[in-house]
Amino acid sequence: MVRAEGLIYEYTKYDEEGQAVDTTRAVDQVDLDVKKGDFVAVLGHNGSGKSTLLHILSGMDRASMGEVYFKDTNFSKYSEKQLAQFRKKNCGFVFQQVCLIGSMSLMDNVLVSGLLVEKNKKQVAERGRKLFAEVGLTEKEWGKYPSQISGGQMGRAGIVRALINNPEVVFADEPTGALDSASGKAVLDLLTEFNRKGQTTIMVTHDLKSALRGNRILYLRDGRINGECSLGAYQGEKEPGFEERKAKLLHFLEEMGW
């Protein structure tokens, strides 16, 4: 689904006179192959390059060197317009801050995203209603403005917005970081549920409970993939094997120096 080869991302700091004083390599020679239906969780300390890698894989940023392929199509050389079209059609985004438009209802926020790809408003609205039902938001709730709902409801609305265009891949950057534990679990449950239905997901997180949802765990250090752990599909905390899953992940993270 998504393949990266030799990714390098560098940024340069300049002094007041415009002279380069320092260059930092945020992503350093990353090779990665994400298959359809994967739920990849990316962990690492602050500054390890997690979000930068996510942005490059989704076409939000360009690598300094290396190639990114989507279904064997190299989009690294796309123009900005082509990248925008690529993101709209193929990528869904869930961020720590949902950033809904405050002057619009939840449904209108979703329609704005959906109509960027599908011009038939009736079809977009119908898909929006189905998705809102799937995430447990009623018509009364999705008719409200962001200031009128809870953080958990906002998180669920963010997932609807991410999925409205039937994206091939959902990119989630700390999706539970701004939520309380109950709301965070609800968002993770939804991401897990859609992944079980075949949705490919790549998630950056600092949270152990979030990472446990992944079937693949990548650990980044200094911009490099320092290790990978395979956990298999998530079955739930009450299912047999959960404690072994947790112990395996903890052992892996200890080896990585987490």
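All of these numbers come straight from a predicted model, not from anything done at the bench. (Residues numbered from 1 in each chain as written. Predicted model: local features only at pLDDT ≥ 70, side-chain atom pairs only at ≥ 80, totals over all residues. Heavy atoms only, no water.)

(A) Highlighting the nonpolar core. One finds Leu-106, Phe-132, Ile-159, Ile-217, Leu-249 and Phe-252 to be the most contacted residues of the largest nonpolar core, which totals 46 residues. Grouped together as the second largest cluster of nonpolar side chains are 27 residues, Val-30, Leu-32, Leu-57 and Ile-202 included. (Core = buried A, V, L, I, M, F, W, Y, C linked by side-chain atoms within 4.5 Å. Buried < 20%, exposed > 50% of the residue type's maximum accessible area, 1.4 Å probe, protein only.)

(B) Representation of the sheet that holds strand β3 (residues 39-43) within the structure. Taken in spatial order, the six strands line up as β6-β7-β8-β3-β9-β10 in an open sheet, and their pairing is mixed. If you trace the sheet from one side to the other, it starts and ends with β6 (91-95) and β10 (224-230), each paired once. Taken over all neighbouring pairs, the strand axes of this sheet differ in orientation by 20 degrees on average, direction set aside. Of the pairings in the sheet, the one linking strand β7 (residues 169-173) to strand β8 (residues 200-204) comprises five bridges and is parallel in character. For Ala-172, the partnering residue across the bridge sits in β8 and is Met-203. Across the face of the sheet, helix α2 (residues 80-90) comes into contact with β6 and β7 while running at roughly 80 degrees to β6. (Pairing = 2+ DSSP bridges. Helix = DSSP H or I, 4+ residues; strand = E, 2+ residues; numbered from the N terminus. Axes fitted to C-alpha atoms, helices over the stretch in contact; angles between N-to-C directions. Contact = heavy atoms within 4.5 Å.)

(C) Up close: the side chain of Asn-165. Looking at where Asn-165 falls in the secondary structure, it is placed in the loop between α6 (151-163) and β7. Of note is the side chain of Asn-165, whose polar atom sits 3.2 Å from the backbone oxygen of Ser-113. If we skip the residues at most four places from it in the chain, Asn-165 touches Lys-88, Lys-89, Ser-113, Gly-114, Val-117 and Arg-127. (Polar contact = N/O pair within 3.5 Å; in protein donor to acceptor, adjacent residues only side chain to side chain.)

(D) Representation of the packing of helix α3 (residues 106-114) against α6 within the structure. Relative to each other, α3 and α6 sit at 25 degrees, their axes nearing to 8 Å. When the interaxial angle is binned, α3 and α6 end up roughly parallel. Between α3 and α6 lies a crossing whose hand is right-handed. Contacts between α3 and α6 involve Leu-106, Asn-109, Val-110 and Ser-113 from the first element and Ala-157, Val-160 and Arg-161 from the second. Per-class residue counts for the contact of α3 with α6 are four nonpolar, two polar and one charged. (Parallel < 35°, antiparallel > 145°, perpendicular 65-115°, else oblique. Left-handed = near helix turned anticlockwise from the far one by under 90°. Nonpolar A, V, L, I, M, F, W, Y, C, P; charged D, E, K, R; others polar.)

(E) Focus on the state of the cysteines. Following the criterion strictly, the structure yields zero disulfides and no others. Cys-91 forms no disulfide, and the closest cysteine sulfur to it belongs to Cys-99, at a distance of 18 Å. (Disulfide = S-S within 2.5 Å.)

(F) Main features of the pattern of salt bridges. In total, this model carries 14 salt bridges according to the counting rule given. In this structure, Arg-3 and Asp-72 form a salt bridge, with 3.2 Å as the shortest nitrogen-oxygen distance. Of this pair, Arg-3 sits in strand β1 (residues 2-14) while Asp-72 sits in the loop between β4 (65-70) and β5 (73-74), and the two are 69 residues apart along the sequence. In this structure, Glu-134 engages Lys-197 in a salt bridge whose closest nitrogen and oxygen atoms are separated by 2.8 Å. Within this pair, whereas Glu-134 is found in helix α4 (residues 121-134), its partner Lys-197 is found in the loop between α7 (181-196) and β8, the two being separated by 63 residues in sequence. (Salt bridge = Lys/Arg side-chain N within 4 Å of Asp/Glu carboxyl O.)

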